[in-house]
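Architecture at a glance
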Amino acid sequence: AQSVAQPEDQVNVAEGNPLTVKCTYSVSGNPYLFWYVQYPNRGLQFLLKYITGDNLVKGSYGFEAEFNKSQTSFHLKKPSALVSDSALYFCAVRDRGGSYIPTFGRGTSLIVHP
Amino acid sequence: EAQVTQNPRYLITVTGKKLTVTCSQNMNHEYMSWYRQDPGLGLRQIYYSMNVEVTDKGDVPEGYKVSRKEKRNFPLILESPSPNQTSLYFCASSSPGQETQYFGPGTRLLVL
């Protein structure tokens, strides 16, 4: 079975400050991990993914995430937040030895204040 | 342009009136799936398809049907909609090995 948890419903950060959106996962085997972003009235857009290799993954719009196997986490980070980063962020996981389709978290609303 | 399209984008219907939401992708992807998005619950998988004529239930399949007769199309059928199926629905596609899912723009459904 595969599951993912996003412990924060909402994250508030001031523009220019670093941001972190948390994600932890559970799989039987090894994971594929993803972050997607949803802007208001839009579909989900891919941000970044961890498949294998370097634990630090860089993605679109200056976002990055670090795969931590011991803590089963894949937190999304950005060094300097922009107001335009305000959106709903989804973490997803797929067990390489299991389902062919990923499981998504509940989503975290990121609000960046001017 | 590579894309996933859904129709209709908005739909208001009444309980029990059968409806179909279409989904089409132009990327020759093998995998397609349907999700519903509800406040506080995130995205939940309804059905998915590995390829033509191969479909399987997701986490919340009750009240829904799907078919995959062609690779590009994956319609979602509500035989007898009920108010608890009021939701925002997303179709997505991907290919094995690539892993990235491409999402449609969403269909907002209201069942009265």
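Notes on the structure in this doc start here. One numbering rule holds for all chains: residues counted from 1, following each sequence as written. The naming scheme follows written order: chains are lettered A onward, ligands numbered 1 onward. The predicted origin of the model limits local features to residues at a pLDDT of at least 70 and limits the giving and counting of side-chain atom pairs to 80 or more, whereas totals for whole chains, interfaces and linings rest on all residues. Heavy atoms throughout the structure, all of them, feed into the side-chain values; hydrogens and water do not.

**Focus on the layout of surface pockets**
Buriedness for pockets is judged along seven lines, at least five of which must meet protein on both sides within 12 Å for an open set on the 1 Å grid over protein atoms alone, while cavities are sets there where a 1.4 Å probe fits but cannot get out, and lining residues have an atom within 4 Å of a point. Grid points are joined across faces, edges and corners, and a volume is the space filled by probe spheres set on the points. Taken as a whole, the largest pocket holds about 430 Å³ of empty space. Lining the largest pocket are 25 residues, with A:Q38, A:N41, B:Q37, B:L88 and B:R108 positioned closest to its centre. Counted by class, the lining of the largest pocket contains 11 nonpolar, nine polar and five charged residues. Space inside the second largest pocket adds up to approximately 160 Å³. Along the walls of the second largest pocket sit B:E1, B:A2, B:Q3, B:V4, B:T5, B:M27, B:Y102 and B:F103, which together make up its complete lining. Numbering of helices and strands starts at the N terminus; helices are DSSP runs of H or I of at least 4 residues and strands are runs of E of at least 2. Looking at the lining of the second largest pocket, the elements with two or more residues in it are β1 (4-7) and β10 (102-103) of chain B. Polar here means any residue other than Ala, Val, Leu, Ile, Met, Phe, Trp, Tyr, Cys and Pro, which are nonpolar, and Asp, Glu, Lys and Arg, which are charged; Gly is therefore polar. Residues belonging to the lining of the second largest pocket are distributed by class as follows: five nonpolar, two polar and one charged.

**What about the pattern of salt bridges?**
Just to be clear on terms, a salt bridge is a Lys or Arg side-chain nitrogen sitting within 4 Å of an Asp or Glu carboxyl oxygen. For the structure shown, the criterion picks out eight salt bridges over all chains. The salt bridge involving A:E64 is made with A:K58; its shortest N-O contact spans 2.9 Å. Classification of A:K58 as exposed rests on a relative accessible area of 61%. Taking the shortest distance from any N to any O, the salt bridge between A:R94 and B:E99 comes out at 2.7 Å. In this pair, A:R94 is assigned in strand β10 (residues 87-95) and B:E99 in the loop between β9 (87-94) and β10, connecting two distinct chains. Residue A:R94 shares its accessibility class with B:E99, and that shared class is buried. Three labels apply to residues, based on accessible area from a 1.4 Å probe with only protein chains included: buried if under 20% of the type maximum, exposed if over 50%, partly exposed otherwise in between.

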